[in-house]
Amino acid sequence: MTYWYEGPLAAFDTETTGVDVENDRIVSAALVVQDASGARPRVTRWLVNPGVPVPAAATEVHGLTEEHLQRNGRWPAPVMYEMAEALAEQAAVGRPLVVMNAPFDLTLLDRELRRHRASSLGRWLERSPLRVLDPWVLDKHLDRYRKGRRTLTDLCAHYGVPLEGAHDAAADAVAALEVTRAVGRRFAARLERLSPAELHTLQAVWHAAQARGLQAWFARSGTEEVVDPAWPLRPELPAAA
């Protein structure tokens, strides 16, 4: 019997102009598809001219300058269509989709689709819903008392996964996929009997609990930051009155 963490997986990652999912833009993205553990991955890359300034702080993270994106990137509307179509194809064939910190990348894509296509990610997935595997949520739930940060770089170090070219969308997607496989193997006794669909449902519950815990910590610290419990996609903000 092949367990889900040894079988077919895909992974999606984006690089952006910032960390505000409502207003920042996607500048690059990648979808990695692997038919089985150890198989050669197939990689699809997108480079986007966002049509807005690219802050220097964002360029420092991913290395993509505004000039480079203007010269080599494509306009957002057709690219967002292709991304949504690619994710819908993964959902249609039942291939689980790995997304590190899924509410960030998937919400950004949803907002870009609303902005440029008058559509939404949900519309693309009406027939076949995604089965998302989020290594951040999985690791935090399964090893909740481990101290330290849990960025992708940290998780790669903890699980012994190579990460070459961090903050390149394809490199990060491959690393997140391998971390997810490593989490599955390490916690096989707790995960191997669960299907990706069951895990998707459980992760929504686990993430909400994690968000409540972080929100309580912020409250004790006197921080006003709000933690959204929604996973893997944040709901659309209501329009201003």
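What counts, and where the lines are drawn
- Residues numbered from 1 in each chain as written.
- Predicted model: local features only at pLDDT ≥ 70, side-chain atom pairs only at ≥ 80, totals over all residues.
- Heavy atoms only, no water.
- Phe/Tyr/Trp six-rings, centres within 6.5 Å; stacked < 30°, edge-to-face > 60°.
- Buried < 20%, exposed > 50% of the residue type's maximum accessible area, 1.4 Å probe, protein only.
- Helix = DSSP H or I, 4+ residues; strand = E, 2+ residues; numbered from the N terminus.
- Polar contact = N/O pair within 3.5 Å; in protein donor to acceptor, adjacent residues only side chain to side chain.
- Contact = heavy atoms within 4.5 Å.
- Pairing = 2+ DSSP bridges.
- Axes fitted to C-alpha atoms, helices over the stretch in contact; angles between N-to-C directions.

J.: Please provide a residue-by-residue account of the packing of aromatic side chains, values included.
T.: Throughout the structure, instances matching the rule amount to 4 aromatic pairs. Centre to centre, the rings of W4 and Y5 are 5.3 Å apart; their planes meet at 85 degrees, and the pair counts as edge-to-face. Here W4 and Y5 have matching classes, each one buried. Grouping aromatic residues by their ring pairs yields a cluster made of Y3, W4 and Y5.

J.: I'd like a description of the side chain of Q34, backed by residues and values.
T.: Assignment of secondary structure puts Q34 in strand β2 (residues 26–34). Residue Q34 is classed as buried on the basis of its relative accessible area, which comes to 4%. For Q34, the side chain forms a polar contact with the side chain of R181, separated by 3.0 Å. Among all residues touching Q34, those that are not within four sequence positions of it are G7, P8, L9, A39, L177, E178 and R181.

J.: Before we move on, could you go through unusual backbone geometry and cite the residues and values that matter?
T.: Note: most residues except glycine have negative phi, and most peptide bonds are trans. Each neighbour pair has its own omega, and for W231 with P232 the value is 5 degrees, a cis peptide bond. Positionally, P232 belongs in the segment after α10 (196–221). The residue N101 is not glycine, and still its phi comes out positive at about 55 degrees. Here N101 lies in the loop between β4 (97–98) and α4 (102–117).

J.: Mind laying out the sheet that holds strand β5 (residues 132–133), listing which residues take part and the relevant values?
T.: Judged by pairing direction, the sheet is mixed, and its 5 strands sit side by side in the order β3-β2-β1-β4-β5 without closing on themselves. Since the sheet does not close on itself, it has two edges, and those belong to β3 (42–47) and β5, each with one partner. Note that strand β1 (residues 9–16) and β2 share 8 bridges and pair antiparallel. In the strand pairing of β2, L9 is matched with Q34. Here helix α3 (residues 76–92) sits on the sheet and contacts β1, β2, β3 and β4; the angle it forms with β2, its principal contact strand, is near 25 degrees.

J.: Describe the environment of L108, listing the residues and the values that go with them.
T.: Among the secondary structure elements, L108 is positioned in helix α4. Along the chain, L108 and R220 lie 112 residues apart, while their C-alpha atoms are 30 Å from each other. When near neighbours in sequence (up to four residues on either side) are disregarded, L108 contacts T14, T16, D20, V21, D24, R25 and I26.

J.: I'd like a description of helix α6 (residues 135–142), backed by residues and values.
T.: Along α6, 6 of the 8 residues are buried, which leaves the element largely enclosed by surrounding structure. For α6, every residue scored as buried is listed here: P135, V137, L138, D139, H141 and L142. Considering only its buried residues, α6 is in contact with β4, β5, α7 (152–159), α8 (169–186), α9 (188–191) and α10. For α6, the side-chain oxygen to backbone nitrogen distance between the N-cap and W136 is 3.0 Å, and the N-cap itself is D134.

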